[in-house]
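# A closer look at the structure
If you want the building blocks of each chain, they are given just below.
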Amino acid sequence: MKPFEKNINELTIPDFCKRHHSKSQISRCVRSLKKHGQYQPIVISDNDILCGVLVYLASKQIGKDKIWAVDLGPLSEEKKKEIRYLDNQIFDIEDWDEERIKSYLMELDVSKLK
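Residues numbered from 1 in each chain as written. Predicted model: local features only at pLDDT ≥ 70, side-chain atom pairs only at ≥ 80, totals over all residues. Heavy atoms only, no water.

### Points about unusual backbone geometry
Put simply, the rule is: Elements are defined by DSSP. Helices are runs of H or I of four residues or more, strands are runs of E of two residues or more, and each kind is numbered from the N terminus. Burial classification: accessible surface area is computed with a 1.4 Å probe over protein chains only, and a residue below 20% of its type maximum counts as buried, one above 50% as exposed, and the rest as partly exposed.
Phi angles above zero are rare outside glycine, and D46 is one such case at about 50 degrees. Tracing the backbone shows D46 in the loop between β2 (42–45) and β3 (48–51). Exposure remark for D46: the relative accessible area of 44% places this residue in the partly exposed category. Of note, the phi angle at N47 is positive, near 70 degrees, even though the residue is not glycine. Overall, N47 belongs to the partly exposed group, its relative accessible area being 26%.

### Quick word on the nonpolar core
Counted only if it meets this: What is meant by a nonpolar core is a set of buried Ala, Val, Leu, Ile, Met, Phe, Trp, Tyr and Cys residues, joined one to another through side-chain atoms within 4.5 Å. By definition in these notes, contact holds between two residues if any of their heavy atoms fall within 4.5 Å.
Formed by I8, L11, I42, I44, I49, V53, Y56, I67 and A69, the largest nonpolar core amounts to nine residues. Among the secondary structure elements, those contributing two or more residues to this core are β2, α2 (53–61) and β4 (66–71). Not counting residues up to four positions away in its chain, the partners in contact with I44 are F4, K6, L11, I49, L50, A69, V70, D71, L72 and G73. In this structure, I26, L33, L54 and A58 belong to the second largest nonpolar core, which totals six residues.

### Side note on the pairing of β2
The following threshold applies: The criterion for strand pairing is that DSSP finds at least two bridges linking the strands in question.
Here β2 shows a buried face lined by I42 and I44 and a second buried face lined by V43 and S45. Pairing of β2 with β4, which is carried by three bridges, proceeds in the parallel orientation. Bridge pairing in β4 places V43 opposite V70. With three bridges connecting them, β2 and β3 associate as antiparallel partners. Paired with S45 across the bridge in β3 is D48. Hairpin connection from β2 to β3: two residues lie between these consecutive antiparallel strands, with D46 at a positive phi of about 50 degrees.

### Looking at the packing of helix α1 (residues 23–36) against α2
Describing two packed helices takes the angle between their axes plus the distance from one axis to the other. To keep it simple, the criterion reads: Orientation is described by lines fitted to C-alpha atoms, with helices fitted over the stretch in contact, and by angles between N-to-C directions that extend from 0 to 180 degrees. Each angle gets one of four labels, with under 35 degrees taken as roughly parallel, over 145 as roughly antiparallel, 65 to 115 as roughly perpendicular, and the rest as oblique. When residue character is reported, Ala, Val, Leu, Ile, Met, Phe, Trp, Tyr, Cys and Pro are called nonpolar, Asp, Glu, Lys and Arg charged, and the others, Gly included, polar.
Here α1 crosses α2 at 70 degrees, and the two axes come no closer than 9 Å. The orientation of α1 relative to α2 falls into the category roughly perpendicular. Here α1 contributes Q25, I26, C29, V30 and L33 to the contact with α2, which in turn contributes L54, V55, L57, A58, S59 and Q61. Here the residues of the contact of α1 with α2 are counted per class, giving eight nonpolar, three polar and no charged.

Keep in mind that these numbers describe shape and distance, not what the molecule does.
See below:
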């Protein structure tokens, strides 16, 4: 599957969305998009967003007309819900490796990320 540019106004946010994205979180994503652009495509099926709601919301906020997406093609509603759930659940399963994070952050000027 190759990412392609999709008209942002054709996309819909699912009724079932595990994560709530705060204004602060969306603002941080907006800053990242402005600084680095969209470096990870969202995942869609039948114009429904399966993965990448935060990037979608931030992109809409800054007035983007197009967004990079990967289309999985037609899927059942059950399969769509499963993908949405599993995509979010993966990040909740494991803890961070604190020593690696400390080492990584020491090499990074975190003040520039805020």
